[in-house]
Structure formats: structure tokens, C-alpha cells
Amino acid sequence: MLSMGEQRYIEFIQDVLISIHENLHELTERKNFADPEELTHIEAKIIAYQEMLAIIRMSADQFNLPKGDIGL
């Protein structure tokens, strides 16, 4: 059973991950309608968000966290 503090940390991480996934989805949609100048900026942001997710996954592995439980 998780303590109240542990549950809050999981909720925090899940909230961050949801925001990242939502932003990725929004950027992917915008990419379909972007002009060439905006497209480069959007693609760079998508790459940055993907790198953030990769870092979070690697950290979860290093700390032996159950990635499914936190939404990875």
C-alpha cells in the first residue's frame, strides 16, 4: 500500500506525463497544417518532448519504478 506522499508523487508524475502527451498530440495535429517556417519549430518541439519522455523512461528504469503504474 502506498503512503499518501508516495501517491502524491505518482499523481504528480502522471500529470506531467499527461501534459507531455497532450502537447505532443497537439503539435502533431498542428504539423499537418503548418507553413514551412512554423513546421521546423513544431518538429523541434516534438523532438524535445520525445527526448523528455525518453529521459523519464530511463530514470524510471534506473530507479526500478513500475513504468505502467506511472503512465509510461
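Residues numbered from 1 in each chain as written. Predicted model: local features only at pLDDT ≥ 70, side-chain atom pairs only at ≥ 80, totals over all residues. Heavy atoms only, no water.

A.B. asks: So what's going on with the overall build of the protein chain? Residues and values would help.
C.D. replies: For the protein chain, the helix and strand inventory stands at 3 helices and 0 strands. Each helix (α) and strand (β) of the protein chain, taken in turn from the N terminus, gives the series α-α-α. Whereas a compact globule of 72 residues would reach a radius of gyration of roughly 11 Å, the protein chain reaches 15 Å, over 25% beyond that. Across its three principal directions, the C-alpha atoms of the protein chain cover 50 × 20 × 15 Å. Counting all 72 residues of the protein chain, 17% fall into the buried class. Considering only residue pairs separated by 6 or more positions, the protein chain has 49% of its internal contacts joining residues 24 or more positions apart. For the protein chain, the accessible area works out to roughly 5600 Å², and carbon and sulfur atoms hold 58% of it. Side chains of the protein chain carry 6 positive and 13 negative charges; the gap between the two charge centres is 2 Å. (Helix = DSSP H or I, 4+ residues; strand = E, 2+ residues; numbered from the N terminus. Rg over C-alpha atoms; globule rule 2.2 N^0.38 Å. Buried < 20%, exposed > 50% of the residue type's maximum accessible area, 1.4 Å probe, protein only. Contact = heavy atoms within 4.5 Å. Areas by Shrake-Rupley, 256 points an atom, 1.4 Å probe, with all protein chains shown as cover. Lys, Arg positive; Asp, Glu negative; His and termini not counted. Charge placed at Lys NZ, Arg CZ, Asp CG, Glu CD.)

A.B. asks: A description of the packing of helix α1 (residues 4-31) against helix α2 (residues 36-62) should follow, citing residues and the corresponding values.
C.D. replies: With their axes 10 Å apart at the nearest point, α1 and α2 run at an angle of 155° to one another. Regarding the angle of α1 to α2, the classification is roughly antiparallel. Crossing angle aside, the handedness with which α1 passes α2 is left-handed. On α2, the residues touching L17, I20, H21, N23, L24, L27, T28, R30 and K31 of α1 are E38, L39, I42, E43, K45, I46, Y49, Q50, M52, L53 and I56. For the contact of α1 with α2, a count of residues per class yields 11 nonpolar, 4 polar and 5 charged. (Axes fitted to C-alpha atoms, helices over the stretch in contact; angles between N-to-C directions. Parallel < 35°, antiparallel > 145°, perpendicular 65-115°, else oblique. Left-handed = near helix turned anticlockwise from the far one by under 90°. Nonpolar A, V, L, I, M, F, W, Y, C, P; charged D, E, K, R; others polar.)

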